[in-house]
Structures are given as structure tokens and as C-alpha cells.
Amino acid sequence: MSTPLSTASASPLSTPPTAAELEAREAELTLRHFTHDDAWVLGTLLVELARERRAPVAIDIRRGPQQLFHYALPGSTADNDAWIDRKRRVAERYGASSFLVGTRFREKGTTFEESSRLDPDRYAAHGGAVPITVEGAGVIGTVTVSGLPQAEDHAMVVEALEKLKALSAE
């Protein structure tokens, strides 16, 4: 059974997932395909989750450089769009979620900002951007949420990808 990272809480009492746990979970999120229609389904799943939770988030889905879906819920701001861009760049550059990249640096006893040599105004290894990986093709895009604490942004994306994968299996 998979690690329940989709229900990860940002509670101060919870233990953050390890890089190994995040890597294993991401490997399970590989999709059979990802079309423009899939982007719509994934985006609407995220909007529904955010509305249920009254989460003031912005959502972005890209396939390569093309933006296929973007939605900003009430309470989100243009700052969330800037965070989306910074987190997305990390996921694109490393081929791993922005949360996993930040966790890898922390496990090495440093931070992304201190050790990556990348401009922190352009890159942020904070949770919320997850690569969209397709069987036989690899990473083809990203899905990003911004507006909650990083573990919650990440968990919302993982939960929606799990639902999309389940729908695709039907």
C-alpha cells in the first residue's frame, strides 16, 4: 500500500515525509496518458478539492511550455501566481516535485536557497509543483498549487493526481 502523503497535514505535530517516501509516492503517480481533456479533468478536480476546503489557492497545469489550465480561487492573489512560476521551474529543472527537491536539500543539512546556486527570485523548492509523468514518455508537464502551507499544496496535487489516475483506470 502506498504512503498516505495525499492526506499529509501541515500540523506541527506531524512528521514531514522523507525524500525516499516522496520519491516512492511520485513513482506511483505515473499516468498512462495526459491529454488536453485530462488537464481539464485534473484542473476541475483541484478546483473541487479547493472549494470543499475553502482553500484560497491558484492552480496551474502545463504540458511543456503550454499552459492548459489556470484557475484562481477567491482569496488567492497575484503572489500565488509568482509562487507557481518559481515552484514550477524547480519541478521542470529537477524532474521531481518541488517538495521533494526541497526535502533532499534539507536531508543533506542545507537548504535549496543556500546550495542550489539558482536565483531564489526565479526558483522555489517549496511544495506544490508536481511533474506530470506519462508511461513511455517521462515528464511531460507540471501541475502546481499555491496558497496553502507547502505540505498542503503538495498533498492537494497528489490527491488530485491519484483521483485522475483512478478515473483513467476505469
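To be clear, the structure that these remarks concern was listed above.
Keep in mind that what you see is a predicted model, and the values were worked out from it rather than measured.

Colleague: How do you make sense of the overall build of the protein chain when you look at a structure like this?
Modeller: Broken down by element type, the protein chain carries six helices and four strands. Against the compact-globule benchmark of 15 Å for 170 residues, the protein chain has a radius of gyration of 15 Å, which places it among compact chains. In terms of overall dimensions, the protein chain has C-alpha extents of about 45 × 35 × 35 Å along its principal axes. Of all 170 residues assigned to the protein chain, the portion counted as buried reaches 46%. Of the contacts formed within the protein chain by residues at least 6 apart in sequence, a portion of 66% connects residues at least 24 apart. Summed over its atoms, the accessible surface of the protein chain is roughly 8600 Å², and 51% of this surface lies on carbon and sulfur atoms.

Colleague: What's the story with the sheet that holds strand 2 (residues 66-72) in this structure? I'm lost.
Modeller: Hydrogen bonds between backbone groups are what pair the strands of a sheet, and the pairing can be parallel or antiparallel. Pairing in this open sheet of four strands is antiparallel, and the strands run 2-1-4-3 from one edge to the other. Both outer strands of the open sheet, strand 2 and strand 3 (129-134), are each paired with one neighbouring strand and no more. Between one strand axis and the next, the sheet turns through 15° on average, direction left out of account. Taken together, the six bridges between strand 3 and strand 4 (residues 138-146) define a ladder with antiparallel strand orientation. Each residue of the ladder has a partner; that of V134, found in strand 4, is G138.

Colleague: Is there a simple way to explain the environment of G75 in this structure?
Modeller: Among the structural elements, G75 can be located in the loop between strand 2 and helix 3 (78-94). On a C-alpha basis, the gap between G75 and A58 in space is 9.2 Å, while along the polypeptide they are 17 residues apart.

Colleague: Would you mind going over the nonpolar core with me for this structure?
Modeller: By size, the foremost hydrophobic cluster in this structure holds 27 residues, and its most contacted members are F34, L42, L46, I59, I61, V143 and L161. Of all the elements in the fold, those that place two or more residues in this core are helix 2 (36-53), strand 1 (58-63), strand 3, strand 4 and helix 6 (150-169). Looking at this core element by element, the count peaks at seven residues for helix 2. Once residues within four sequence positions are removed from consideration, L42 is found in contact with F34, I61, V143, A160, L161 and L164. F105, F112, L118 and Y123 belong to the second largest nonpolar core, which has 13 residues in total.

What counts, and where the lines are drawn
- Residues numbered from 1 in each chain as written.
- Predicted model: local features only at pLDDT ≥ 70, side-chain atom pairs only at ≥ 80, totals over all residues.
- Heavy atoms only, no water.
- Helix = DSSP H or I, 4+ residues; strand = E, 2+ residues; numbered from the N terminus.
- Rg over C-alpha atoms; globule rule 2.2 N^0.38 Å.
- Buried < 20%, exposed > 50% of the residue type's maximum accessible area, 1.4 Å probe, protein only.
- Contact = heavy atoms within 4.5 Å.
- Areas by Shrake-Rupley, 256 points an atom, 1.4 Å probe, with all protein chains shown as cover.
- Pairing = 2+ DSSP bridges.
- Axes fitted to C-alpha atoms, helices over the stretch in contact; angles between N-to-C directions.
- Core = buried A, V, L, I, M, F, W, Y, C linked by side-chain atoms within 4.5 Å.

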